[in-house]
Amino acid sequence: MTKSAQLTEVLLDRRLASFNRLWQMFMESESRIQKSGGKVVAKWRLFPPEIIYALGATPYDLLLHEGMTKTTARDARTTAYAIEAGLSADSCIWNLTATSNTLSKGNLTPLNMFVATAGQCDISSKTWQLMSRNMHKPIYSMEIPIYDAASEKRAISFIKEELTSLFERVGRRFGHKYSERTLREEIKRGNEIRKLLLDLTGSLTHDHVPMTGLEYFLTHATAGDYLQEPEALTAILTEIRNEVMKRTEQSKAAPGITNDPVRLYYVGMAPQDLRFWNIIEDSGGAIVGCDTYLPLFYSPIPENGSLLKEFAGWIWKMPHHMPSLDRAKSLIPYIKQQKPDAIIIGNVIGCRNLSSSDRIIKETFREELGIPVTSIEFGSSEDVTLLEPHIKAFVEMCK
Ligand code: SF4
């Protein structure tokens, strides 16, 4: 997000003191990479950031920092640069906005390279190619096969080869020699953040939900690139975890969450407009889990054994690499553990990842969990507050 972003229309939990520091860190991501002086790699949101740190470079979750809207009256969604550069106007709004913002900065953007992971977001892969061409910056694409339990052995060895080749080729370009020790250290650092995020997710199982949806979403969105400073992030997330745990010990819900709210699990693409999370609580609901960034912290990456092989196996099981039915089934244990009363599936217009299989996912959840499921769609130009009547009616129905 740009420095000028102001949250005049978004309600933050000001009583969660440590969260304000995290918010500050979020806001400063762009200026941090501008000042870093090192190599900066733009990554798709679910590309594991440890890979880039292990290359001695800094990851930047481009869609998050350049695509999120700023929720102010001045918040015009700029998509013109992306369309002029050749991105279809039908693409998802995250890609349109992030590409436009990035291209509008021209040579001022400090990005040195784009990395894409083929196999799950075809639009982002196209977008990265387009930006690479327009900005004369290299692009590296890592292939990850779509999950199929029958081909596990072959797939893991393929991903391991892809990782090896990435470390060799990008390392050569950056003048950085791959070392297993460095990767192990990066994985260890990343796992500390993963464990904190899992603790925060665990805190939402309490009857008195201690965090609002907005704070929960923003804390787990940090998994995209660790906000360029894993150690500083670990310190802040530890404080947030401690504050949140204190609330659970005192059986205190976060401000704005009603007594006995409808517990909602959110599955799918992130809403671009942060006001969505406030709408949930204004409607009498409470977010008790969300899978948007879950594939990055669904479990710690193994730190021992044959590192690349274990890491390849972890990547293979990231839920978003799975075909819809497998993905829905793999999410069920995570959803169950959060004890939701209902599920909201979020689709983004222009995204083919979930919308083409929305029905099958909905039916799988209904059959396996026996709770109400609804889906919503985020448009490219509509005001997110237009979804409020739908969410209110759904929450009412679930009471
Ligand atoms: S919303 Fe869909 S198309 Fe857009 S970045 Fe996410 S996965 Fe890709």
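Above this text sits the structure in question.
Worth saying up front: this structure is predicted, and the values here are computed from it rather than measured.

### Quick look at the nonpolar core
Then step 1. Judged by nonpolar contacts, the single largest core of 113 residues is most densely connected at Val41, Ile159, Val209, Leu264 and Ile287.
Then step 2. For Val209, the residues in contact, after removing those within four places along its chain, are Leu204, Ala253, Ala254, Ile257, Pro261, Ala286 and Val288.

### What to know about the site of the ligand
Then step 1. The ligand sits among Leu63, Cys92, Trp94, Asn95, Cys121, Ile123, Ser124, Met269, Val348, Cys351 and Asn353.
Then step 2. Those elements that provide at least two residues to the shell around the ligand are helix H6 (93–104) and helix H7 (122–135).
Then step 3. Residue composition of the shell around the ligand, grouped by class: eight nonpolar, three polar and no charged.

### With respect to the packing of helix H9 (residues 180–203) against helix H11 (residues 230–249)
Then step 1. Across the interface, H9 lies against H11 with an axial gap of 10 Å and an inter-helix angle of 20°. Here H11 runs roughly parallel to H9, going by the angle between their axes. Here H9 and H11 pass one another in a crossing that is left-handed. In this structure, H9 contributes Arg189, Gly190, Glu192, Ile193, Leu196, Asp199, Leu200 and Ser203 to the contact, and H11 contributes Pro230, Leu233, Thr234, Leu237, Thr238, Arg241, Val244, Met245 and Thr248.
Then step 2. Per-class residue counts for the contact of H9 with H11 are eight nonpolar, five polar and four charged.

### Focus: the pairing of strand E2 (residues 58–61)
Then step 1. Residues Thr58 and Tyr60 of E2 are buried on one face, and the alternating residues Pro59 and Asp61, pointing to the opposite face, are buried as well.
Then step 2. Two strands pair when backbone bridges link them, and strand E1 (residues 40–43) and E2 are joined in this way by four bridges, in the parallel orientation. Across the sheet, Ala42 pairs through a bridge with Tyr60, a residue of E2.

### Side note on helix H14 (residues 307–316)
Then step 1. If you check which residues of H14 are buried, you get Phe311, Ala312, Ile315 and Trp316. Along the long axis of H14, the arc covered by the buried residues comes to 140°, so they all point the same way.
Then step 2. For H14, the elements touching its buried residues are helix H8 (152–174).

### Some words on the packing of H8 against H14
Packed helix pairs are characterised by how far apart their axes lie and by the angle those axes make with each other.
Then step 1. As a packed pair, H8 and H14 sit with axes 8 Å apart at the nearest point and diverge in direction by 115°. Between H8 and H14 the crossing geometry is right-handed. Residue-level contacts link Glu152, Ala155, Ile156, Ile159, Lys160, Leu163 and Thr164 of H8 to Leu308, Lys309, Phe311, Ala312, Gly313, Ile315 and Trp316 of H14.
Then step 2. Classifying every residue of the contact of H8 with H14 gives nine nonpolar, two polar and three charged.

### A few points about the sheet that holds strand E5 (residues 262–268)
Then step 1. Pairing is parallel in the open sheet, where four strands are placed in the order E6-E5-E7-E8. Bordering the open sheet on either side are strand E6 (285–290) and strand E8 (373–378), each of which pairs with just one other strand. Neighbour-to-neighbour, the strand axes of this sheet turn through a mean angle of 30°, independent of strand direction.
Then step 2. Pairing analysis gives five bridges linking E5 to E6, with the strands arranged parallel. Each bridged residue has a counterpart across the sheet, and for Leu264 the counterpart in E6 is Ile287.

Reading guide: rules and limits
Residues numbered from 1 in each chain as written. Predicted model: local features only at pLDDT ≥ 70, side-chain atom pairs only at ≥ 80, totals over all residues. Core = buried A, V, L, I, M, F, W, Y, C linked by C-beta atoms within 7 Å. Buried ≥ 20, exposed ≤ 12 C-beta atoms within 10 Å, placed from the backbone. Contact = placed C-beta atoms within 7 Å. Near = placed C-beta within 6 Å. Helix = DSSP H or I, 4+ residues; strand = E, 2+ residues; numbered from the N terminus. Nonpolar A, V, L, I, M, F, W, Y, C, P; charged D, E, K, R; others polar. Axes fitted to C-alpha atoms, helices over the stretch in contact; angles between N-to-C directions. Parallel < 35°, antiparallel > 145°, perpendicular 65-115°, else oblique. Left-handed = near helix turned anticlockwise from the far one by under 90°. Pairing = 2+ DSSP bridges. Arc of directions from axis to C-beta.

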